[in-house]
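# Fold and contact review
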Amino acid sequence: MCYAIPGRVKEILEKTVLVDYFGEERKAHNEIDGLTVGDYIYAQGGYVIEKIPAPEAEEILAVWKETFFELQEVDLRLSRLDLETKGIGAETVRILDRAMEGKPPAKEELLQLLRSEDPTHLDLVFKTANFLRQKYLKNACCVHGILEISNHCKQGCHYCGISLHHKALPRYRMTQEEILAAVQEAVKRYGFKALVLQSGEDPGHSVEELEEIIRTIGREFPALIFISFGEIGIDNLKRLYDAGARGFLMRFETSNPELYAKLHPGQTLATRLEHLRKAYEMGYLIITGGLVGLPGQTLEDIVNDIYLARELHAEMFSFGPFLPSPGTPLAGFKPVNESEMLKVIAGARLVEPTEARVLITTAFETLSKEARRKGLLAGGNSVMLNVTPRQYREKYALYPDRAGKSELIQTQIDETIALLGSLGRSPTDLGAK
Ligand code: SAH
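Residues numbered from 1 in each chain as written. Predicted model: local features only at pLDDT ≥ 70, side-chain atom pairs only at ≥ 80, totals over all residues. Heavy atoms only, no water.

## Side note on the overall build of the protein
Under the convention used in this document: Each helix is a run of H or I in the DSSP string that is no shorter than four residues. Each strand is a run of E no shorter than two, and both are numbered from the N terminus. Two things to know: the radius of gyration comes from C-alpha atoms, and the globule rule equals 2.2 Å times the number of residues to the power 0.38. Residues are treated as being in contact if the distance between any of their heavy atoms lies within 4.5 Å. Accessibility throughout is a Shrake-Rupley quantity obtained with a 1.4 Å probe, and a residue counts as covered only by protein chains that appear here.
Helices and strands together make up the secondary structure of the protein, namely 15 helices and 15 strands. A compact globule built from 433 residues should have a C-alpha radius of gyration of about 22 Å, and the protein, at 21 Å, falls within 12% of that. Expressed along its principal axes, the backbone C-alpha trace of the protein runs to roughly 55 × 55 × 40 Å. Contacts spanning at least 24 positions in sequence make up 73% of the contacts within the protein whose residues lie at least 6 apart. Counting every atom, the protein has about 17700 Å² of accessible surface; 52% of that belongs to carbon and sulfur.

## Here's the deal with the site of the ligand
Stated precisely, the cut-off is as follows: For each residue, the test is whether any non-hydrogen atom lies within 4 Å of the molecule or strand; if one does, the residue is near. Under this definition, polar contacts are N or O atom pairs within 3.5 Å; protein pairs additionally need one hydrogen-donor-capable and one acceptor-capable atom, and for neighbouring residues in sequence, both atoms have to be side-chain atoms. Both cavities and pockets are sets of points on a 1 Å grid over the protein atoms alone; in a cavity a 1.4 Å probe fits but cannot get out, in a pocket the set is open with protein on both sides within 12 Å along at least five of seven lines, and lining residues sit with an atom within 4 Å of a point. Each molecule is checked against the cavity or pocket grid, and it sits inside if more than half of its atoms lie within 2 Å of the grid points.
Neighbouring the ligand are 20 residues; Y159, S199, R251, E253 and L323 lie closest to it. In the model, a nitrogen atom of the ligand is placed 3.4 Å from a nitrogen or oxygen of the L398 main chain. Protein coverage of the free-state accessible area of the ligand, which is 550 Å², stands at 92%. For the ligand, the cavity whose grid points lie within 2 Å of the majority of its atoms is the largest cavity.

## Topic: the packing of aromatic side chains
As a reminder, the rule being used: When the centres of two rings from Phe, Tyr and Trp lie within 6.5 Å, Trp using its six-membered ring, the rings pair. Their planes under 30 degrees apart give stacked, over 60 give edge-to-face, and anything left gives tilted. With a 1.4 Å probe rolled over the protein chains alone, any residue whose accessible area is under 20% of its type maximum counts as buried; one over 50% counts as exposed, and the rest are partly exposed.
Taken as a whole and assessed by the stated rule, the structure comprises three aromatic pairs. For the ring pair Y241 and Y284, a centre distance of 5.1 Å and an interplane angle of 75° mean the geometry is edge-to-face. Taken together, the positions of Y241 in helix α7 (residues 234–243) and Y284 in the loop between α9 (269–282) and β10 (285–288) put the pair 43 residues apart, joining distant regions of the chain. Like Y284, Y241 is buried.

## Some remarks on empty space enclosed by the protein
For clarity, the threshold we go by: Grid points are joined across faces, edges and corners, and a volume is the space filled by probe spheres set on the points. Nonpolar residues are Ala, Val, Leu, Ile, Met, Phe, Trp, Tyr, Cys and Pro. Charged residues are Asp, Glu, Lys and Arg, and all others, Gly as well, are polar.
Here the structure, examined in full by the defined rule, presents two cavities of 30 Å³ or more. Taken as a whole, the largest cavity holds about 790 Å³ of empty space. Every residue lining the largest cavity is counted, 36 residues in all, and those nearest its centre are Q198, R251, E253, Y396 and L398. Listing elements by their share of the lining of the largest cavity, those giving two or more residues are β6 (142–150), β7 (194–199), β14 (357–360) and α12 (362–367). Of the residues that constitute the lining of the largest cavity, the class distribution is 20 nonpolar, 10 polar and six charged. The set of elements that each furnish at least two residues to the lining of the second largest cavity consists of β6, β8 (224–228) and β12 (314–317). For the lining of the second largest cavity, the class distribution of residues is five nonpolar, three polar and three charged.

## Points about unusual backbone geometry
Excluding glycine, residues mostly have negative phi values, and the peptide bonds linking residues are mostly trans. One non-glycine residue, K138, adopts positive backbone phi at about 55°. As for its placement among the helices and strands, K138 is situated in the loop between α4 (119–137) and β6. Backbone geometry places E253, a non-glycine residue, at a positive phi of 70°. For E253, a relative accessible area of 10% corresponds to the buried category.

## A look at the packing of α4 against helix α11 (residues 338–351)
Using the following cut-off: Between N-to-C directions, angles span 0 to 180 degrees; the directions come from axes that are lines fitted to C-alpha atoms, helices contributing only their stretch in contact. Should an angle lie under 35 degrees it is considered roughly parallel, over 145 roughly antiparallel, and from 65 to 115 roughly perpendicular; all remaining angles are considered oblique. Note on convention: the crossing is left-handed when the near helix lies turned anticlockwise from the far helix by less than a right angle, right-handed when the turn is clockwise.
Put simply, α4 and α11 touch, their axes get as near as 9 Å, and they point 40° apart. Taken together, the axis directions place α4 and α11 in an arrangement best described as oblique. In the packing of α4 onto α11, the handedness of the crossing is left-handed. Along its contact with α4, which presents L122, V125, F126, T128, A129, L132, R133 and L137, the element α11 presents S339, L342, K343, A346, R349 and L350. A class-by-class count of the residues in the contact of α4 with α11 yields nine nonpolar, two polar and three charged.

## Section: the nonpolar core
We apply this condition: In these notes, a set of buried Ala, Val, Leu, Ile, Met, Phe, Trp, Tyr and Cys residues joined through side-chain atoms within 4.5 Å is what counts as a nonpolar core. Residue ranges assigned to the domains are those given by an automatic or database domain assignment.
Residues F192 and Y284 are the most contacted members of the largest nonpolar core, which totals 120 residues. If you tally residues by element for this core, the top one is α11, at eight residues. Mapped onto the domain boundaries, this core takes at least three residues apiece from domain 2 (84–136) and domain 3 (137–422). If you look at the next biggest cluster of nonpolar residues, it comprises 20 residues, including I5, V9, I41 and L71.

## Observations concerning the domain arrangement of the protein
This is how the line gets drawn: As used here, buried area is the combined drop in accessible area, with a 1.4 Å probe, of two parts when they are placed together.
For the protein, the assigned domains are domain 1 (7–77), domain 2 (84–136) and domain 3 (137–422). Distance between the C-alpha centres of domain 1 and domain 3: 27 Å. Contacts between the two partners involve 12 residues from domain 1, matched on the other side by 15 residues from domain 3. Overall, the association of domain 1 and domain 3 removes approximately 1100 Å² of surface from exposure, summing both partners, and the carbon and sulfur fraction of that is 58%. When residues of domain 1 are sorted by the area they lose upon contact with domain 3, Q44, Y47 and I49 head the list and together hold 42% of the total. Scanning the region where domain 1 abuts domain 3 turns up two residue pairs in polar contact (both at pLDDT 80 or more). Every element with two or more residues in the side of domain 1 that touches domain 3 is listed here: β4 (40–44), β5 (47–52) and α1 (54–78). With five residues, α1 is the single largest residue contributor to the side of domain 1 that touches domain 3. In terms of residue class, the side of domain 1 that touches domain 3 is built from six nonpolar, three polar and three charged.

## A word on the pattern of salt bridges
Note the following rule: The rule for a salt bridge is simple: a side-chain nitrogen of Lys or Arg has to be within 4 Å of a carboxyl oxygen of Asp or Glu.
If you walk through the whole model with that rule in mind, you get 28 salt bridges. In this structure, the salt-bridge partner of R173 is D202, at a minimum N-O distance of 2.8 Å. Of this pair, R173 sits in the loop between β6 and α5 (176–189) while D202 sits in the loop between β7 and α6 (207–220), and the two are 29 residues apart along the sequence. Overall, D202 belongs to the buried group, its relative accessible area being 10%. A salt bridge links R272 to E231; the nearest nitrogen and oxygen atoms lie 3.0 Å apart. Here the residue R272 occupies a position in helix α9, and E231 occupies one in the loop between β8 and α7, the gap between them amounting to 41 residues. E231 shares its class with R272; the two are buried. A network of salt bridges, in which partner residues are shared, links D75, R133 and R425.

This is the structure we're talking about:
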C-alpha cells in the first residue's frame, strides 16, 4: 500500500527540487545529500522524505498510472455543480459565485452562509466547497497515521477524557522500543508516509527521549513526523524540529478567550497561540483547529475559529465535534448534529480553497457513520487512521466509542481505500507542492 506517489526529480536548485508526477510539476524542499536529477523520491507536505530505487518506483508508478486518471474522472463527475438550484437567495448565489472565482467570503458572509438550516441552501454550500476542492487540489486525499504514545496528562481540560479529571482511567505510556516498533510497522509494513505522534501533556516522556525517538525514525523509517504533545514550550519545539519533526498538530480548541479560560483551568489561549505562531516561524507545517459545539459556543465563535486557523497558516484544518466524555465536567452536555460539522468543513474550504487539507476527524466519524463520505463531498480531503497498538487504543479515551478504536490497521486501510475509490479519490498526495 502506498500513501504517496513516487515523483521523479527534474531539476535541483540548491535545497529546492522540481518533481514530476505524471507530467505535473511540483516543488519540494530537500535535505537529503547526494540527490541527483532522474532520482525517484517520496515527498510529503512539501518535503523530500526519502530516495527510492528506480525499479521499485517504476513498478509502483505503473500500477498508479492506470488508476490515477480513472479516479480523476469519477471525482470530476461527482464534483459538478448544479447552478440551476431553485429557491436560493440572490445574496447566497453572489457569495458562492465569488467563492468559485477564487474570492473567499468575508467573515460576515460566511456567517450568513452557515447560519441557514435550509437543506437546499446547505447542500449548495457543501457542493460549492467540494467543487473548489476539486478545482484546486484535484482528487488527492491525505491518509495520515496517528500513534498515541501516552494517555498521561497533567492538564484539566473540561471536555477531555484523558485529562486529570478522569481518575478512573487506566494510564499507559509506551516505551521507546514500543513506539519505534509501532512506527516501523506503520511505515515499513503499511506504507504510511506521514505520521502524527500524540499524547497528553506528559512530563513522563522527556524531551531528550522524544528527540532520540524522532532522530531514530528519521534514520530508519523515513516519514513526515508531526508532533502533538500539547504545549511543550518554545525551546522544546525547536529541539524537536532540530531532531527532525516537521509538523506540529495542536488545536487552539476555541478562539474565544473567555470560553477558553473557562474550559482550561490554569491555561491561556495566548500561550497556546504563541506555540502555534512560533512553530510556524520555525518551519513546522501546522495542523490546527478547534472543537465544535462546546457549551456556550456560538456560530460566530466557530466562524472566528475558521479564520483563526487560516491566520495561523493551517496546512491542515482539524475541526471535530465536542463529544461528552464520562468522568469530565462536561459529561452531561449534548454534541452538535452532523450538519453543523459539515458546515465547518465546507467553511474551512471556502476560506482556504487553494492549498489547505481539511481533515475529516475521528470525532466526526464517531458522531456520524456518514461523516467521511459526506465530509469528503463537502470540501474535506484528509483522513487519519489509528496506528496505535490495539491494547492501548481503548485507553486513549478522549471520548467514548471512538471510531476505529478496535479495527486492525489493515481493515482501516481497506475501508478507507474502498470509500475513497467510490468517490474517485486517490489515497495519496502528490507530496510536493
Ligand atoms: N495534549 C495534546 C493532545 C490533546 S488530545 C494537545 O494539547 O494538543 C487531542 C485533541 O482531542 C484535543 O486537542 C481536543 O480537541 C480533542 N478532544 C479532547 N476531548 C474531546 C472530546 N470530549 N470530544 C471531542 N474531542 C476531544
